[in-house]
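Residues per chain, in single letters:
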Amino acid sequence: LAKHPEIKALMKPDYNLIWVVVLMVLAQLTAFYLVKDLHWKWVVFWAYVFGSCISHSMTLAIHEISHNSAFGNCKAMWNRWFGIFANLPLGLPYSISFKRYHMDHHRYLGGDGIDVDIPTNFEGWFFCTRFRKFIWIVLQPFFYAIRPLCINPKPISRLEVINLLAQLTFDVVIYYLWGVKSIFYMLAGSVLGLGLHPISGHFIAEHYMFLKGHETYSYYGPLNLLTFNVGYHNEHHDFPNIPGKSLPLVKKIAAEYYDNLPQYNSWIKVLYDFVMDDTISPYSRMKRQLKGEVKQD
């Protein structure tokens, strides 16, 4: 910032995010209606080909919203309510809990017992062969859901209860209107999209140390178009209050800080290398013993 103070001008909400999220919710509602009478094989097909992409993209929209990118920091609660709305087509309550744990990830990156993005010791010990690492990738959404309860359980908040009740109400309404195939499409899309899916390469690309000493990596490939530029990950951790839409400008303005860092151009290759490289496993993360006072949401 001392060298490039113009970056401060990028620290503002991205109001286009609001309309993109609304359109994504409407797209999924349309899909729920269209799949209700399809044969089961086509429900599964469209859940993976279309629903998984929208669902994973929506989780990254929720990531943006967790940083108050939709309405700005001065309207923090507007962002929380909007996150609950964005959560609806995912089928499972996620937005409020993600916000609480994700802020810890930014404040205490790699903090042992705090940052739940780090796999558990069991994951590192058990998923150590190529076949087991492949299964770990398939089951990633389950580990991301269960891991916080094992590493850093938090008391349930009022907003998390509201998130749960809103989600259950939405799911019941969808089931009542369009039946079990729509519910299956919704839940299968979320699980498949966060598991063995090209976009899921970002989970591993962001912080797994393929090169020793390099803890965070950026990806500059085309899938950023579907993921709100989450691939610009060094830039995001440097400036978490800049919306994803503006992160390419951060890289352009401060190119001397980012161009020479190790980077990826394919999330599919990241997934392949993770499975096939015997030196890489869920243990390939930086873990820190935190000192001093720890403040969590």
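Position numbers for residues count from 1 along each chain, tracking the sequence in the order it is written. In keeping with the model being predicted, local features are shown solely for residues with a pLDDT of at least 70 and side-chain atom pairs are shown and tallied solely at 80 or more, while totals for entire chains, interfaces and linings include all residues. Excluding hydrogens and water, the side-chain values take into account all heavy atoms of the structure.

Some words on the overall build of the chain
A tally of regular secondary structure across the chain gives 14 helices and 2 strands. Its C-alpha atoms give the chain a radius of gyration of 19 Å, within 12% of the compact-globule value 19 Å for 297 residues. Taken along its principal axes, the extent of the C-alpha atoms in the chain is 55 × 45 × 40 Å. Contacts are assigned to residue pairs with any non-hydrogen atoms lying within 4.5 Å of each other. Residue pairs in contact within the chain that sit at least 24 positions apart in sequence constitute 76% of those at least 6 positions apart. Note on areas: Shrake-Rupley, 1.4 Å probe, and residue coverage restricted to the protein chains presented here. Roughly 14,700 Å² of accessible area belongs to the chain as shown, and the carbon and sulfur atoms make up 68% of that amount. Neither His nor the chain ends is counted toward charge; the positive residues are Lys and Arg and the negative residues Asp and Glu. A charged residue contributes its charge at one atom only: NZ of Lys, CZ of Arg, CG of Asp or CD of Glu. Side chains of the chain carry 27 positive and 22 negative charges; the gap between the two charge centres is 2 Å. The numbering of helices and of strands both runs from the N terminus, where a helix is a DSSP run of H or I of at least 4 residues and a strand a run of E of at least 2. We take the radius of gyration over the C-alpha atoms and set the globule estimate at 2.2 Å times the residue count to the 0.38 power.

As for the environment of N229
Summarising the element assignment, N229 is placed in the loop between β1 (218–219) and α11 (233–238). Relative accessibility thresholds used throughout: buried, under 20% of the residue-type maximum; exposed, over 50%; partly exposed, between the two (1.4 Å probe, protein chains only). Accessibility expressed as a relative area gives 14% for N229, which makes it buried. When near neighbours in sequence (up to four residues on either side) are disregarded, N229 contacts N224, G244, K245, L247 and P248.

Observations regarding the nonpolar core
Joining through side-chain atoms within 4.5 Å is the link that ties buried Ala, Val, Leu, Ile, Met, Phe, Trp, Tyr and Cys residues into a set, and such a set is a nonpolar core. Grouped together as the largest cluster of nonpolar side chains are 36 residues, with contacts concentrated most on V21, M58, W136, I204 and F274. Elements that contribute at least two residues to this core include exactly α1 (16–35), α2 (40–66), α3 (76–87), α6 (130–138), α10 (201–207) and α14 (267–276). Each residue touching M58, except ones within four places of it in the same chain, is listed here: V21, M24, V25, A86, P89 and L90. Counting residues in hydrophobic clusters, the runner-up holds 12 residues, among them L88, I174, I183 and Y185.

Re the UniProt feature "transmembrane region" (unreviewed entry) in the chain
UniProt positions are given in the numbering used here, feature names are shortened, and annotations may be inferred rather than shown by experiment. Within this numbering scheme, the UniProt entry marks residues 17–35, 42–61 and 81–98 as carrying the feature "transmembrane region" (unreviewed entry). Helix and strand shares over residues 17–35 are 100% and 0% respectively, and the end C-alpha atoms of the span are 27 Å apart. Helix makes up 61% of residues 81–98 and strand 0%, with an end-to-end C-alpha separation of 14 Å.

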